[in-house]
Amino acid sequence: MSSLYQIEYERKELPKKYFQIGLLFLCLGIIGIAAGYFFDSHRTAFNNIILLTFFISISVASLFLVAIEYVAGAVWSTPFRRISEFYSGFVLFLPVLLIPLLFNLGNVFHWMHPEVVEADKILKGKAPYLNVDFFMIRVSAFILLWFVFYFFIYKNSKKQDVTHDQYLTTKNIRLSAVFIPIFAITISFTSFDWLMSLEPHWFSTIFGVYYFSGSILAALAIVTFTAVWLNENGYLVNGLKKDHYYSLGALMFAFTNFWAYIAFSQFLLIWYANLPEETFWFLDRWEGNWIFITIGLMFIRFIIPYFGLLSQPSKMDPKRLKVISLWILIAHFYDLYWLAMPNLNKKEFLFSWIEISFILVTIGLLIVGFFKLSGKNNLVAIGDPKLKRGIDFRL
Amino acid sequence: MSEKILYSYTGIFNSPDEIIHAAEKAVEKGYKKYDVHTPYPLHGMNSVMNLPPSKLGYIALIVGLSGALAALLTMFWISAIDYPIVIGGKPLFSFPAYVPIMFEVTVLSASIATVLAMLFFFFKLPNNAHPLNGTEYMQKVASDKYGISIQCDEKLFEEKSVIEFLKSVHAKDITPIYYDNEEINYKHKIFEPKFILFLVIAGLISSSVTYFTLNKLMFMPPFTWMMDQSRLDVQSSSVIFSDGYGMRNPVEGSIARGSLPYQFQGQPELAGEKLINPLPSTKNVLELGLKKFDIYCSPCHGFYGEGNSRLQGHFPNPPSLHSDKVRNWPDGRIFHVITDGQNIMSSHASQLNVDERWAVVNYVRVLQRAFNAKESDLQ
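These figures come from a predicted structure and were not determined experimentally. The residue numbering used here restarts from 1 in each chain and proceeds along that chain's sequence as written. Labels are handed out in written order, letters beginning with A for the chains and numbers beginning with 1 for the ligands. Owing to the predicted nature of the model, reporting of local features is limited to residues with pLDDT of at least 70; listing and counting of side-chain atom pairs is limited to 80 or more, with chain, interface and lining totals taken over all residues. Working from all heavy atoms in the structure, the side-chain values ignore hydrogens and water.

S.K.: Explain the overall build of chain B here, please?
M.R.: Here a helix means four or more residues in a row that DSSP labels H or I, a strand means two or more in a row labelled E, and each is numbered from the N terminus. Secondary structure assignment for chain B yields 14 helices and 4 strands. The C-alpha atoms of chain B give a radius of gyration of 41 Å, which is well past the 21 Å a tight globule of 379 residues would have. When the backbone C-alpha atoms are referred to their principal axes, chain B occupies close to 120 × 55 × 40 Å. Taking as baseline every contact in chain B between residues at least 6 positions apart, the subset at least 24 positions apart corresponds to 66%. Carbon together with sulfur atoms contributes 62% to the accessible area of chain B, which is approximately 26400 Å² in total. Within these notes, the globule rule equals 2.2 Å times the number of residues to the 0.38 power, and the radius of gyration is based on C-alpha atoms. For this analysis, residues touch if any pair of their heavy atoms sits within 4.5 Å. Note that accessible areas follow from Shrake-Rupley with a 1.4 Å probe, and for residues the cover is restricted to the protein chains shown.

So this is what it looks like as structure tokens:
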């Protein structure tokens, strides 16, 4: 007897038309990016960093959500855990997003030029960490690590669909427990490498936590949106209830607050100490018309989602939850734009067809990637021993 | 002895599933006045019983927001209005510094208000009389059983049908609950002798602890270390530096921020000739001059500059400021005396800044004119 219960589940085909829309967006965006590299490779490379860090956020943080579920023994998220697993599969696309950047690294990181480093005392001091060889080692090692954990956790989870073997859960718990500290370290250094080193003179020890909080929020948002959408259209077993929606909404609410807490902590210390070597980073984002983007960030990233998720009914209403989760996803993209782009252009923010084509690629890749990764696989981890309890979950 | 009145019929269940089922049936049957008692909160009970969402959240929201606003206004008033001090070169009203305080006050006030509102508003705390109190039924549901109680003021209440209903959902120990009208309506007096004794003892303990802390504990060793530090006391020489001064002189040639070196050191006549009084004799300036004169000059010169000091011979009296000599001095000459000192009078440059010195000069001029008033001044 493989299991005490049998879940009724039939894999339904996802609607093809969304895939076609996604493909269209992706193709248009790729043409735009190719043209961008042809006309203005400098600016396109900066945008590419936003794209890359966005998908690192989604994929690695989704894997983190999966790992947290295993380690904590959570049952409520089991009915839609497979969705997080699909999104963590985006690590497969990271090398593709990375390749165009590799040819333009000198454009974005001025610490990569030996003559600049030679003339700069501070960069010289940071050279043992910030040098091209070590950078490449870190980037490839991190992607490899994420891929390895994704591969094994996902493999075990998929195998369980067929075998209903409970020991696979134990295996995944062990893998997850190892992955979580690795995630903490890799995500911090990723943020230092890709985002903070755009301005190599600046430093903030909380920066890794800042990127972490935003990443978790983005992963939660995309998982929430997909889970709610699939559930409303009947792709998930028996359906998620208000209780699941409420828990997802509460987690997003908590991480919205956490992001604001971290972002403000970073700002407050720099503002209070008022040291020129730290404040210039914020001043870059406060001068010219960047001030509108910065003030917008407070509203888009914190105040609007905060009040959108504050009340109990808003966390239970699938319609509002979908709107808010999409909003948070956009806000994460906006946040990354705010982190990266002022290093390219001070005083004045840029937004035109290059940025738009990157947005198209982001949307297209999210849709196409989800379709490709879900493929013929089950959308629900039907072999998981926690699934029954997860479906019956009540607040 | 008053008679026993029927309050409700109760039934006991052994598992949470049974009680949820029973509540569902009670709702189906149309009962309105019933209650469910469980040893711990049961998930899903709210929705089964169709309970409206709690209003407690609104109290937390309103009190939390007013807490944030109160913190903001308090900080604003303290640091920008009542006691404005520039800290770290920041503006007097610097919002980021207030955010942590606003956050803490929001959390504190919202949580306290929530607890208090829950206890006194929703639970009606001082009222502790309830027919179910002290019954066997309550003892059971408070430990490991789950109970339902259907009240007799229920519209559909009929002893037989209720008993039947309870039987139909497989309740055990179906018992009626009676209460004593007198006991329920008995109003407890607040100030009973026991309570007054408690208040007295609590007051005594807290005031004696406060007294001990402030008057004794603060003068015991680890707390006295702050007073024993090597510092410069007034009217004594310093133990820190061998020359007896408490502070070091500025490096030669350095100039303090916002001050100009005095150019006419030891050249009174030149000062009188070259220095020009920059301040007009306005009301503000004269008031400042009066204040500073009364503080720094009047101990020796007297309140009106007549040279009648309050020092009663411990220190030689200065000459009057109303002599022809002083009256004919230019303003700069008087300024020089204040700045540089003269004869036994020492320099007052460290007590009075430049503007204050000129204000004092203006005030001395007013005194001089008042002492030599002409007929025409009175008109």
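S.K.: Help me understand the interface of chain A and chain B in this model?
M.R.: Where interface size is quoted, it is often the accessible area lost as the parts come together. Of the residues lining the interface, 10 residues belong to chain A; the matching set on chain B comes to 11 residues. Summing the contributions of chain A and of chain B, the shared interface buries around 940 Å²; its carbon and sulfur component is 73%. Of all residues in chain A, F264(A), W271(A) and R394(A) bury the most surface against chain B, accounting for 48% of the area lost on that side. For salt bridges, the criterion is a side-chain nitrogen of Lys or Arg within 4 Å of an Asp or Glu carboxyl oxygen. For the interface between chain A and chain B, the tally reads 0 salt bridges. In the analysis that follows, any N or O atom pair within 3.5 Å is treated as a polar contact, provided that within protein one partner can donate a hydrogen and the other can accept it, and provided that, for residues neighboring in sequence, both atoms belong to side chains. Connecting chain A to chain B are 2 residue pairs in polar contact (both at pLDDT 80 or more). Buried surface area refers to the total accessible area, computed with a probe of radius 1.4 Å, that the two partners give up upon joining, counted for both partners together.

S.K.: How should I be thinking about a nonpolar patch on the surface in this particular structure?
M.R.: Residues and elements named next belong to chain B. Together, L69, L73, F76, W77, I78, I81, F93 and F95 make up an exposed nonpolar region whose accessible area comes to about 750 Å². Ranked by the residues each element gives to the nonpolar patch, the list is headed by helix α3 (residues 56–82), at 6 residues. Relative to the helices and strands, L69 is located in helix α3. Without a salt bridge and with relative accessible area above 30%, a residue can belong to a patch; like charges are then joined within 9 Å and nonpolar side chains (Val, Leu, Ile, Met, Phe, Trp, Tyr) within 5 Å.

S.K.: Any chance you could explain the domain arrangement of chain B here in plain terms?
M.R.: Marked domain ranges trace back to an automatic or database domain assignment. Looking at the assigned domains, one finds that chain B contains domain 1 (1–187), domain 2 (193–224) and domain 3 (268–378). The gap between the C-alpha centroids of domain 1 of chain B and domain 3 of chain B is 76 Å.

S.K.: Before we go on, may I ask you to explain the nonpolar core in this structure?
M.R.: Side chains that are nonpolar tend, in soluble globular proteins, to be buried together. Residues and elements named next belong to chain A. Of all hydrophobic cores here, the largest spans 126 residues; its most connected members are F109 and W194. Per-element accounting of this core gives the leading share, 18 residues, to helix α2 (residues 41–72). Discounting chain neighbours no more than four positions away, the residues touching W194 are I49, L52, T53, I56, L98, L101, L105, F109, F135 and V139. In this text, buried Ala, Val, Leu, Ile, Met, Phe, Trp, Tyr and Cys residues form a nonpolar core when linked through side-chain atoms within 4.5 Å. Only protein chains enter the accessibility calculation, which uses a 1.4 Å probe; a residue whose area is less than 20% of its type maximum is buried, one above 50% is exposed, and one in between is partly exposed.

S.K.: For this particular structure, what's the right way to read unusual backbone geometry?
M.R.: The phi torsion of most residues other than glycine is negative, and most of the peptide bonds are trans. Residue and element names in this part refer to chain B. The backbone of H170 sits at a positive phi, close to 65°, despite the residue not being glycine. Relative to the helices and strands, H170 resides in the loop between α6 (159–168) and β4 (172–180). The exposed category is assigned to H170, whose relative accessible area is 56%. The phi dihedral of Q235 falls on the positive side, at around 60°, and the residue is not glycine. Relative to the helices and strands, Q235 is located in the loop between α9 (221–224) and α10 (268–274).

S.K.: So what exactly am I meant to see when it comes to the packing of α2(A) against helix α8 (residues 132–163) of chain A here?
M.R.: Working note: a packed helix pair is described by the angle between its axes plus the distance between those axes. Residue and element names in this part refer to chain A. Angular values range over 0 to 180 degrees, each being the angle between N-to-C directions of two axes fitted as lines to C-alpha atoms, with helices fitted over their stretch in contact. At their nearest, the axes of α2 and α8 sit 11 Å apart, and the two run at 50° to each other. By the angle between their axes, α2 is oblique relative to α8. Crossing of α2 over α8 shows left-handed handedness. Two secondary-structure elements touch here, α2 through I56, V60, L63, V66 and Y70 and α8 through W146, F149, Y150, I153 and S157. Any residue that is not Ala, Val, Leu, Ile, Met, Phe, Trp, Tyr, Cys, Pro, Asp, Glu, Lys or Arg is counted as polar, Gly included; the first ten are nonpolar and the last four charged. Residues that form the contact of α2 with α8 fall into these classes: 9 nonpolar, 1 polar and no charged. The cut-offs work like this: below 35 degrees is roughly parallel, past 145 is roughly antiparallel, 65 to 115 is roughly perpendicular, and the gaps in between are oblique. Crossing handedness is defined as follows: a turn of the near helix away from the far one that is anticlockwise and smaller than a right angle gives a left-handed crossing, while the clockwise case is right-handed.

S.K.: Can you help me understand the pairing of strand β3 (residues 146–151) of chain B in this one?
M.R.: Each regular strand displays side chains that alternate between the two surfaces of the sheet. Residue and element names in this part refer to chain B. Among the 6 residues in β3, 6 count as buried, and that is most of the element. What you see with β3 is no split at all: Y146, I148 and I150 on one side and G147, S149 and Q151 on the other are buried throughout. Two strands qualify as a pair provided that DSSP identifies no fewer than 2 bridges between them. Here strand β1 (residues 4–13) pairs with β3 via 6 bridges, running antiparallel. Bridging from a neighbouring strand, F13 pairs with Y146 of β3. The pairing of strand β2 (residues 34–37) with β3 spans 4 bridges and is antiparallel. In the sheet register, H37 faces β3, and the bridge partner there is G147.

S.K.: In this structure, what is going on with empty space enclosed by the protein? I would like to understand it.
M.R.: Once rolled over the atoms, a probe with the size of a water molecule shows which space is left empty. Residue and element names in this part refer to chain A. Cavities and pockets are defined on a 1 Å grid built over the protein atoms alone: a cavity is a set of grid points where a 1.4 Å probe fits but cannot escape, while a pocket is an open set with protein on both sides within 12 Å along at least five of seven lines, and lining residues are those with an atom within 4 Å of any such point. Grid points are joined across faces, edges and corners, and a volume is the space filled by probe spheres set on the points. Inspection of the entire model under this criterion finds 1 cavity of 30 Å³ or more. Taken as a whole, the largest cavity holds about 50 Å³ of empty space. In terms of lining, the largest cavity is formed by L52, I56, V139, F142, I143, W146, T190, D193 and W194. Taken together, the elements giving at least two residues each to the lining of the largest cavity come down to α2, α8 and α9 (167–194).

S.K.: Even after reading the chapter, I still don't get helix α3 (residues 81–88) of chain A, so can you show me in this structure?
M.R.: One turn of the α-helix equals 3.6 residues, which is why residues spaced by three or four share an orientation. Residues and elements named next belong to chain A. Counting buried positions along α3 gives 8 out of 8 residues, so the element sits mostly inside the fold. Those residues of α3 that sit buried are R81, R82, I83, S84, E85, F86, Y87 and S88. Elements in contact with the buried residues of α3: α2, α8, α10 (207–232) and α16 (353–374).

S.K.: Would you explain the layout of surface pockets in this entry?
M.R.: All names here are of chain A. Its volume calculated, the second largest pocket comes out at about 840 Å³. Lining of the second largest pocket is provided by 32 residues; of these, I222, L326, L329, I363 and L366 occupy positions nearest its centre. Secondary structure elements with two or more residues in the lining of the second largest pocket: α2, α10, α13 (290–310), α15 (318–340) and α16. The element contributing the most residues to the lining of the second largest pocket is α16, with 9 residues. In the lining of the second largest pocket, the residues fall into 28 nonpolar, 3 polar and 1 charged.

S.K.: Just to check I follow, could you spell out the packing of aromatic side chains for this structure?
M.R.: For any pair of aromatic rings, the description consists of the separation of the ring centres together with the inter-plane angle of the planes. Residues and elements named next belong to chain A. Stacked, tilted and edge-to-face are the three classes applied to pairs of Phe, Tyr and Trp rings, where Trp contributes its six-membered ring and a pair requires centres within 6.5 Å; stacked means planes under 30 degrees apart, edge-to-face means over 60, and tilted covers the rest. In total, this model carries 61 aromatic pairs over all chains according to the counting rule given. A ring pair is formed by F64 and F212, whose centres lie 5.9 Å apart and whose planes are at 80°; its orientation type is edge-to-face. Linking F64 in helix α2 with F212 in helix α10, this pair joins segments that are 148 residues apart in sequence. Pair check on accessibility: F64 and F212 agree, each one buried. Looking at K12, its charged tip hangs above the ring of Y235, at a distance of 5.4 Å from the centre. Positioned above the aromatic ring of W338, the side-chain terminus of R285 is 5.5 Å from the ring centre. Distance and angle both matter: a charge sits over a ring if NZ of Lys or CZ of Arg is within 6 Å of the ring centre and within 35 degrees of the ring normal.

S.K.: For this particular structure, what's the right way to read the side chain of E355(A)?
M.R.: All names here are of chain A. Mapped onto the secondary structure, E355 falls in helix α16. Since its relative accessible area comes to 3%, E355 is described here as buried. For E355, the side chain forms a polar contact with the side chain of R43, separated by 2.6 Å. Setting aside residues up to four positions removed in sequence, E355 forms contacts with R43, N47, Y337, M341 and L350.

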